[in-house]
Amino acid sequence: MNSILEQLTASEEPAIRYKARVHVMEEDPAAPAIRRLQQEIKDCERVRQLLSLREADGKIPRHPYSKWYGAHWVLAMLADLNYPVGDADLIPLREQVYGWLLSEGRRQTAKRHTFAGHTRMCASMEGNAIFALLKLGLSDERTDHLVEHLLTWQWPDGGWNCDKHPQAHVSSFTETILPLRGLALYSQVKGSTQAREASRRAAEIFLQRHLFKRLSDGQTISEKFLKLHYPCYWHYDILFGLKVMAEAGFLQDERCREALNLLAARRLPDGGFPAEQKYYRTTGPIENNRSLVDWGGTSTKQMNPFVTVEALAVLKQAGLESA
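Let me sum up the structure you'll find in this document. (Residues numbered from 1 in each chain as written. Predicted model: local features only at pLDDT ≥ 70, side-chain atom pairs only at ≥ 80, totals over all residues. Heavy atoms only, no water.)

### Observations regarding the nonpolar core
Within the largest apolar cluster, 105 residues are counted, with the highest numbers of intra-cluster contacts made by Met-245 and Trp-295. In this structure Met-245 touches Leu-180, Ala-203, Phe-206, Leu-207, Leu-211, Phe-250, Leu-251 and Cys-256, once residues within four positions along its chain are discounted. (Core = buried A, V, L, I, M, F, W, Y, C linked by side-chain atoms within 4.5 Å. Buried < 20%, exposed > 50% of the residue type's maximum accessible area, 1.4 Å probe, protein only. Contact = heavy atoms within 4.5 Å.)

### Examining empty space enclosed by the protein
Applying the stated rule across the entire model yields four cavities of 30 Å³ or more. Secondary structure elements with two or more residues in the lining of the largest cavity: helix H5 (71-80), helix H8 (124-135), helix H10 (173-190) and helix H12 (238-248). Residues that form the lining of the largest cavity fall into these classes: ten nonpolar, one polar and three charged. Put simply, the second largest cavity is a space of about 50 Å³. For the second largest cavity, the full set of lining residues is His-229, Tyr-230, Cys-232, Asp-237, Leu-239, Phe-240, Lys-243 and Glu-310. In terms of residue count, H12 provides more of the lining of the second largest cavity than any other element does, three residues in total. (1 Å grid on protein atoms, 1.4 Å probe; cavity = no way out; pocket = protein on both sides within 12 Å on 5 of 7 lines; lining within 4 Å. Points joined across faces, edges and corners; volume = space filled by probe spheres on them. Helix = DSSP H or I, 4+ residues; strand = E, 2+ residues; numbered from the N terminus. Nonpolar A, V, L, I, M, F, W, Y, C, P; charged D, E, K, R; others polar.)

### Considerations on the layout of surface pockets
There is about 450 Å³ of room inside the largest pocket. For the lining of the largest pocket, the secondary structure elements donating two or more residues are helix H2 (14-24), H5, H8, H10, H12 and helix H14 (305-317). Across the lining of the largest pocket, the residue classes break down as nine nonpolar, four polar and eight charged. In this structure, the second largest pocket encloses a volume near 250 Å³. Taken together, Tyr-18, Pro-29, Ala-30, Arg-35, Gln-38, Gln-39, Asn-82, Tyr-83, Pro-84, Val-85 and Lys-135 form the lining of the second largest pocket. The element best represented in the lining of the second largest pocket is helix H3 (residues 32-43), accounting for three residues.

### Here we look at H14
In a regular helix each residue adds 1.5 Å, so 13 residues correspond to 18 Å; H14 covers 18 Å between its end C-alpha atoms and thus fits that length. For H14, a buried count of eleven out of 13 residues is recorded, marking the element as mostly surrounded by other parts of the structure. Along H14, the positions that sit buried rather than exposed are Phe-306, Val-307, Thr-308, Val-309, Glu-310, Ala-311, Leu-312, Ala-313, Val-314, Leu-315 and Lys-316. Buried residues along H14 sit in contact with helix H1 (2-9), H2, helix H4 (45-50), H5, H12 and helix H13 (257-265). Regarding H14, its N-cap is Asn-304, as a side-chain oxygen of that residue lies 2.9 Å from the backbone nitrogen of Phe-306 further along. (Expected span 1.5 Å × (residues − 1). Polar contact = N/O pair within 3.5 Å; in protein donor to acceptor, adjacent residues only side chain to side chain.)

Okay, structure coming up:
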């Protein structure tokens with residue numbers, strides 16, 4: 001693993017160096033050298049590309065949820081890259097996200113989509129926003145309202161689902177992983193016992209299924225869950241599931257073990273991990289799910305540095321690797 005770590009810590013990409021040093025090597029994020037590294041993230045080309053569609057008022061003139069360049073996704077990616085906390089230049093993007101998620105139209109949609117005892121909303125949107133706003137130091141009392149929405153919409157089994165079919169009664173992995181992530185961070189930052197309990201219930205959706213199996217027959221829910229990728233956006237795989245379990249404090253649960261072993265088995269001969277699928281494109285019209293950033297593409301034989309540093313961090317936190 002040392003040779004891979006040497007590659008990661010020597011990367012031209014400051015976000016990779018940060019993740020390797022803080023999440024794998026466990027350096028203090030408050031140390032002066034790491035704070036300087038965060039400033040490099042702020043000024044790097046990748047971040048400039050993510051922010052390149054902003055106009056003079058600081059906003060991106062598209063719907064906040066426009067994949068993958070709207071304000072919602074830009075803030076989510078900046079948070080995951082460990083962009084510095086408290087940058088006032090991001091406030092216009094925050095206001096776009098609040099204006100959308102706290103709009104009367106969205107409240108009315110939630111009312112219309114509440115039937116058969118379940119509110120059927122894409123709760124991943126609120127979950128992603130809560131996480132990003134807290135991580136970037138941009139939250140205010142309106143973040144509490146987003147949390148209230150998730151708590152109100154939580155299904156009896158502990159998760160969320162946007163399936164409009166009345167017979168749907170089991171939560172969705174893809175609609176639950178991001179609310180779990182957001183609520184776990186909110187409980188840590190705000191000391192909310194209610195959010196902590198909600199995140200615990202949400203974690204059980206995954207833990208009961210060993211992060212990738214059906215309850216009914218123990219078979220893999222979807223082969224896509226076993227293919228690693230970055231960015232995750234709202235799509236689920238075992239690496240993202242394990243990452244969120246680590247953030248939320250559930251990685252030591254024995255029910256994570258099988259997914260951890262599957263992740264470890266994805267390691268390439270050089271010690272890295274591949275990106276086996278992706279959910280973005282870098283060519284064509286921007287309206288067609290085009291990313292402004294190339295995140296390394298896919299390959300079954302070559303390591304992707306973002307996937308690699310995330311995988312090493314999870315394995316280290318699980319006690320399966322030493323830095």
